[in-house]
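Report on the structure
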Amino acid sequence: MGRAGTGPGVAAVTVAVAGPLLLLLLLLLARPPPAAAGDSRKNDIRLVSEQFSQSPQKLSFYSWYGSARLFHFRVPPDTVLLRWLLQVSRGGGPTCTNVEITVYFRYGAPPVINPLGTSFPANTSVQPSFLIKMLQSNTSVNVSHPAPGDWFVAAHLPPSSQKIELKGFVPTCAYIFQPDMVVVRVVEVSILEPDVPLPQTLVSHPSYLKIFIPEYTQELQLELLGCASNGSLGCPVRLTVGSATLPSNFQKVLTCTGPTRACRLLLPSPPWDRWLQVTAKSLAGPYVSVAFSAVAALTACRPWIVNFPHLLQSSSNQSCNASSAGLLPPSPGYQDLGRSSRAGGGPFCLMSYQVMREDMDVVSVHFRPLDRVSVRVQSDMPSVMRLHLNTGMDSGGSLTISLWANKSVISNNTSVMVCVNAASPFLSFNSSLNCTTAFFQGYSLSLSTSFRKANLIIPYPESDNWYLSLQLACPQSPEECEKASILVETTLYLVPCLNDCGPYGQCLLLRRHGYLYAGCSCKAGWRGWSCTDNSTAQTVAQQRMATLLLTLSNLMFLAPIALSVYRCLLVEASVYAYTMFFSTFYHACDQPGEAVLCILNYDTLQYCDFLGSGVAIWVTILCMARLKATLKYVLLLLGTLVFAMSLQLDRRGAWNMMGPCLFAFVVMISMWVYRCGHRRHCYPTSWQRWVFYLLPGISMAAVAIAIYTSMMTSDNYYYTHSIWHMLLAGSAAFLLPPRDKHTEPWSCSQKLTCHYQICKNHREELYTVT
């Protein structure tokens, strides 16, 4: 007798940690991988191996989907074994330690991951991901009988810490990840034709078969006939039907061990328009032959093509009234349009609605039925709509399905059952409502008087033809549904990001070589796949408070501006005013929430803010050095040009700002030491200057540097950075040198007003310090 099983009971995926000898492992991968004694793949001349590789990528700590590194592979047809070799290398010095790396695998689309444990939007269906965790080692992952087509691998480091680290100030550790793919495929595959027995003999190697499943196939039956073994009773054969996919595996396994001579497996709704792999393996001992005949029987489904004749009319006659459009029988030309003619003249089993695909943008598609908005749903057979998502570039978005039924046409005892499946539609509403086809677990929806609307969101749908099946059900009174029909309106879209990631997110288009996919980057504490998780979100009051702190804290620069003008330091006053202005409006534009004001381009404001901060520190230190006027202004101009160049090269580099400032500090110390030696006295000479000005200013600057380099996090940024503004401005006010004793307060502004020429005797380089 026969026994069928599903994929979870089959060990299709194997994870093994390789040894440290990478060269030996690569040599082993250069040929079909041997296993334990009795492995049927050993020394099989029908198998060939191929290896594929991609350029390595530097891994990042996870904060959003863009932090994960994606790899896209394509598995060739007739592959019986897939092996990934995962290699990780570390760079950055001895201070870098091993970290845990998470690697995800998925067939047909990028893996949907959630390392932060955030919530998904309502009505979103997400399957758990298949993943492994690895350290600084090489790991291999094996998949038996993988499905041909697109496979994706994603990897990332643990979730990122909230600490804001300066680039170049702390040692950076680089973790390089590279997956290699090795496939073992069959070059000799027997074709199993419908209703034609195919004799097979098994000894030590399995038999590899495949059968083509045409469109509109309702059932597939596989049967072993005339099975005989010369060493044991019964039929010791195991059939593996279908291909393995991740994260779910729905391979079917038929084990024939009983004394009966017939063993069969029935598969409802097999995948349409593709080859189906079948592997037969002997369960008898070595050198024991098993002979049988494999027979495949296909049950065809006759579709009722709705509004099909409209496609054959001229464009001037294609418009029709959606409310009056009826169900038209197949036209005479129907039998000449593909494999559906195999259905013969039997009863109809489904109503097929033609769907138009309208490409609107990258990863953005609109599906709608031809010449109509709604779909008529009946109880005798399902209404089916096919969504073409098999271009290879459609799996990087989100499939959104919205259904609506008029309340007046739905009675209390009726409901509309809906199934969404890939590869083939669900057609067995009369016997089951689990939306399970031969190799796919579908998504179920329902419409009733209580719930007239139904929504479904599928992030990163598999690259395939998707089918929407609808049928009317009356569980309490079936006779009520015999002549009833309901119009269901459909809204079908493929979008890059759901609702464009909402008001607190940004939809970003990501690219890996030629493959494009989208992800949401959230802000203001919002998290989640579509930035809908508000568990850590900031309130509007908190956003406004953060904006006020970061902008109004720059008003502290009014103090050094006033002192500079008072002491006739007009260049310094101009730099402080420039810094205060652009820092205020940069932080007003940099806010993630609703309290945002941008007077210029964001990048321009950021550049001006960074430039002003660096030049403000530069002019303050040079001003403290008390250089001659000519040398001072030359250094001021050169330093500003160096800052402009370094910020253009790398705006986030710590040493791009600290390097020029350290040079200015060395110049200041050198001038102070020179004056100490020249005067035979400590410089500055006044102890009041040290106690009430220099020490407080140096202390404020030291605290500001400590906060800026080691205390800022994403959570306290609004407070710590505001304190940084105030300390920076306060230290500049304390550290500015006093005015010349021969210069009157506000003298520069008075002379400029009265049109006097500003003159000064520069022959004396040493100024009296009070």
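It should be emphasised that the depicted structure is a prediction, and the values quoted were computed from it without experimental measurement. (Residues numbered from 1 in each chain as written. Predicted model: local features only at pLDDT ≥ 70, side-chain atom pairs only at ≥ 80, totals over all residues. Heavy atoms only, no water.)

Observations regarding the state of the cysteines
- Counted by the stated rule, this structure contains nine disulfides.
- Covalent S-S linkage joins Cys 419 and Cys 435, the inter-sulfur distance amounting to 1.8 Å. Looking along the S-S bond of the Cys 419-Cys 435 disulfide, the torsion reads about -70°, which is the left-handed sense. Of this pair, Cys 419 sits in strand β29 (residues 415-422) while Cys 435 sits in the loop between β29 and β30 (443-447), and the two are 16 residues apart along the sequence.
- Cys 419 gets classed as buried once you look at its relative accessible area, which sits at 2%.
- When its relative accessible area of 1% is taken as the criterion, Cys 435 is described as buried.
- In this model Cys 501 forms its disulfide with Cys 520; the gap between the sulfur atoms is 1.9 Å. Disulfide Cys 501-Cys 520: the torsion about the S-S bond is -85°, which places it as left-handed. In this pair, Cys 501 is assigned in the loop between β33 (485-495) and β34 (505-512) and Cys 520 in strand β35 (residues 515-522), connecting sequence segments 19 residues apart.
- On the accessibility criterion, Cys 501 (0% relative accessible area) is buried.
- The class of Cys 520 is buried, set by a relative accessible area of 8%. (Disulfide = S-S within 2.5 Å. Helix = DSSP H or I, 4+ residues; strand = E, 2+ residues; numbered from the N terminus. Buried < 20%, exposed > 50% of the residue type's maximum accessible area, 1.4 Å probe, protein only.)

A few points about the nonpolar core
- By size, the foremost hydrophobic cluster in this structure holds 52 residues, and its most contacted members are Tyr 576, Trp 618, Val 619, Leu 622, Leu 627 and Phe 643.
- Of the residues forming this core, the biggest block, 14 residues, is contributed by helix α5 (residues 602-625).
- Apart from the residues within four sequence positions on either side, Tyr 576 is in contact with Phe 557, Pro 560, Ile 561, Ser 564, Ala 616, Val 619, Thr 620, Ala 732 and Leu 736.
- If you look at the next biggest cluster of nonpolar residues, it comprises 38 residues, including Val 375, Leu 387, Ala 405 and Val 488. (Core = buried A, V, L, I, M, F, W, Y, C linked by side-chain atoms within 4.5 Å. Contact = heavy atoms within 4.5 Å.)

Here we look at the pairing of strand β31 (residues 453-459)
- Of all the seven residues making up β31, five are buried; the element is thus mostly covered by neighbouring parts of the structure.
- Where strand β28 (residues 398-405) lies against β31, seven bridges are found, and the strand directions are antiparallel. Residue pairing for β31: Trp 404 is matched across the bridge by Lys 453. (Pairing = 2+ DSSP bridges.)

Observations regarding helix α3 (residues 558-566)
- Among the residues of α3, Pro 560, Ile 561 and Ser 564 are the ones counted as buried. An end-on view of α3 places all buried positions within 105° of arc, on one side of the element.
- Considering only its buried residues, α3 is in contact with α4 (570-589) and α9 (717-735).
- Cys 568 sits one or two residues past α3 and shows a positive phi near 65°. (Arc of directions from axis to C-beta.)

Concerning the pairing of strand β19 (residues 263-268)
- Of the two faces of β19, only the one carrying Cys 263, Leu 265 and Leu 267 is buried; Arg 264, Leu 266 and Pro 268 on the other face are not.
- Inspection of the sheet shows strand β16 (residues 217-229) paired to β19 by six bridges, in the antiparallel sense. For Glu 223, the partnering residue across the bridge sits in β19 and is Arg 264.

Overview of the environment of Val 365
- Mapping Val 365 onto the fold places it in strand β25 (residues 364-369).
- With a relative accessible area of 1%, Val 365 lands in the buried category.
- Along the sequence, Val 365 and Leu 494 sit 129 residues apart, while their C-alpha atoms lie 4.9 Å from each other.
- Look past the residues within four positions of Val 365 in its chain and what remains in contact with it is Arg 357, Glu 358, Asp 359, Met 360, Asp 394, Leu 492, Tyr 493 and Leu 494.

Focus: the packing of aromatic side chains
- As enumerated under the stated definition, the model contains 32 aromatic pairs in all.
- Aromatic side chains Trp 618 and Phe 643 sit 6.3 Å apart centroid to centroid with 80° between the ring planes, which places their arrangement in the edge-to-face category. With Trp 618 in helix α5 and Phe 643 in helix α6 (residues 629-649), this pair connects stretches of sequence that are 25 residues apart.
- In this structure an aromatic cluster arises from ring pairing among Tyr 65, Phe 120, Phe 152, Tyr 460, Tyr 515, Tyr 517 and Trp 529.
- For Lys 210, the ring lying beneath its charged end belongs to Trp 275, and the centroid distance is 4.8 Å. (Phe/Tyr/Trp six-rings, centres within 6.5 Å; stacked < 30°, edge-to-face > 60°. Lys NZ or Arg CZ within 6 Å of the ring centre and 35° of its normal.)

What to know about the sheet that holds strand β21 (residues 290-300)
- What the four strands build is an open sheet, ordered β14-β21-β16-β19; its pairing is antiparallel. Two strands bound the open sheet, and with one partner strand each, they are β14 (198-202) and β19. Taking each pair of neighbouring strands and ignoring which way they run, the sheet shows an average axis angle of 20°.
- Two strands pair when backbone bridges link them, and β14 and β21 are joined in this way by five bridges, in the antiparallel orientation. Residue Leu 202 lies in a different strand from β21, and its bridge partner there is Val 290. (Axes fitted to C-alpha atoms, helices over the stretch in contact; angles between N-to-C directions.)

From the geometry alone we can't say anything about function, so treat these as descriptive.
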